[in-house]
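Structural overview
One letter stands for each residue in the lines below.
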Amino acid sequence: MDYESERKIMVAEQLIVRGIKDRRVLDAMGKVPRHLFVEEALRSRAYGDYPLPIGEKQTISQPYMVALMTESLELKGNEKVLEIGTGSGYQSAVLAELCDKVYSVERIKSLAVRARKQLDLLGYMNVAIKIFDGTYGWLEYAPYDAIIVTAGAPDIPKIIVDQLSVGGRMVIPIGDEFSQTLVKVEKKRDRITTTNICGCVFVKLVGNHGWKE
Ligand code: SAH
């Protein structure tokens, strides 16, 4: 398989045609080897226009969803970003290309361990991973310039919004178990605004301030 050409085609046919414009995001999506974040048997399908299973009943999001969420964070390069739901580590790698430091929280140990290993192999030294209930955020390094939640929540957890800096952006899927709306939350000096981006389907954000198991 020529994975580099697969990536180029994915960027052109799935991202650019659907309106992803941020050049840095397109370049990162064209660079990060997504096939190395899925099991070997699925590698030939890694650049397809769909999510894929990563074990533990979890999924790596569709490339377009990764690009759309990442673009919504408006990263310029010097940010500190919190990710909730490390999963395969693919989204963490894309973020690592675009900001200064990524703090990622995952509740399932086996996934966190595999993601760490893959990120190390690829040399992503600016990603820190913690095994914990991410519905608490990661208080130690707060506030964050951007926060991305890659699992669906019943509502916007206040405890996470509290860890967003003034001027910061956050994206999170909100809804029921079967379908959600991708919501962008922006913290202004005196208020918090929310904008609906699109419909989406994510696995559940399971934890104290999310869904109960
Ligand atoms: N960003 C990932 C997608 C992972 S799917 C990728 O690129 O592969 C969502 C992930 O969120 C799953 O791995 C799931 O275990 C994790 N998750 C769900 N609830 C969580 C919580 N409360 N804290 C941390 N991770 C959580």
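Description of the structure in this document. Source: prediction; values computed, not measured.

Definitions and cut-offs
- Residues numbered from 1 in each chain as written.
- Predicted model: local features only at pLDDT ≥ 70, side-chain atom pairs only at ≥ 80, totals over all residues.
- Heavy atoms only, no water.
- Axes fitted to C-alpha atoms, helices over the stretch in contact; angles between N-to-C directions.
- Helix = DSSP H or I, 4+ residues; strand = E, 2+ residues; numbered from the N terminus.
- Parallel < 35°, antiparallel > 145°, perpendicular 65-115°, else oblique.
- Left-handed = near helix turned anticlockwise from the far one by under 90°.
- Contact = heavy atoms within 4.5 Å.
- Nonpolar A, V, L, I, M, F, W, Y, C, P; charged D, E, K, R; others polar.
- Buried < 20%, exposed > 50% of the residue type's maximum accessible area, 1.4 Å probe, protein only.
- Lys, Arg positive; Asp, Glu negative; His and termini not counted.
- Salt bridge = Lys/Arg side-chain N within 4 Å of Asp/Glu carboxyl O.
- Polar contact = N/O pair within 3.5 Å; in protein donor to acceptor, adjacent residues only side chain to side chain.
- Near = heavy atom within 4 Å.
- Areas by Shrake-Rupley, 256 points an atom, 1.4 Å probe, with all protein chains shown as cover.

1. Details of the packing of helix α1 (residues 3–16) against helix α3 (residues 63–72)
- Interhelical geometry of α1 versus α3 gives an angle of 70° and a closest axis separation of 9 Å. Between α1 and α3, the angle is such that the two are roughly perpendicular. Seen along the crossing, α1 lies across α3 with a hand that is right-handed. Residues M10, Q14 and L15 of α1 form the contact with α3, whose participating residues are P63, Y64 and A67.
- In terms of residue class, the contact of α1 with α3 is built from five nonpolar, one polar and no charged.

2. A short note on the side chain of E71
- When you line up the elements, E71 lands in helix α3.
- Despite being buried, E71 has no salt bridge partner; K21 is the closest side chain of opposite charge, sitting 6.9 Å away.
- At 2.7 Å, the side chain of E71 and the backbone nitrogen of K21 are in polar contact.
- Of the polar contacts made by the side chain of E71, one reaches the backbone nitrogen of D22; its length is 2.7 Å.

3. A closer look at the site of the ligand
- As a matter of local geometry, the ligand sits amid 25 residues, with S88, E106, D133, G134 and V206 nearest to it.
- The separation between a nitrogen atom of the ligand and a polar main-chain atom of R107 is 3.3 Å.
- One of the backbone nitrogen or oxygen atoms of V206 is found 2.7 Å away from a nitrogen atom of the ligand.
- Contact with the protein chains covers 99% of the free accessible surface of the ligand, which is 580 Å².
- Elements supplying a minimum of two residues to the shell around the ligand: β2 (58–60), α4 (90–98) and β4 (101–106).
- Here the shell around the ligand is built from residues that sort into 10 nonpolar, 10 polar and five charged.

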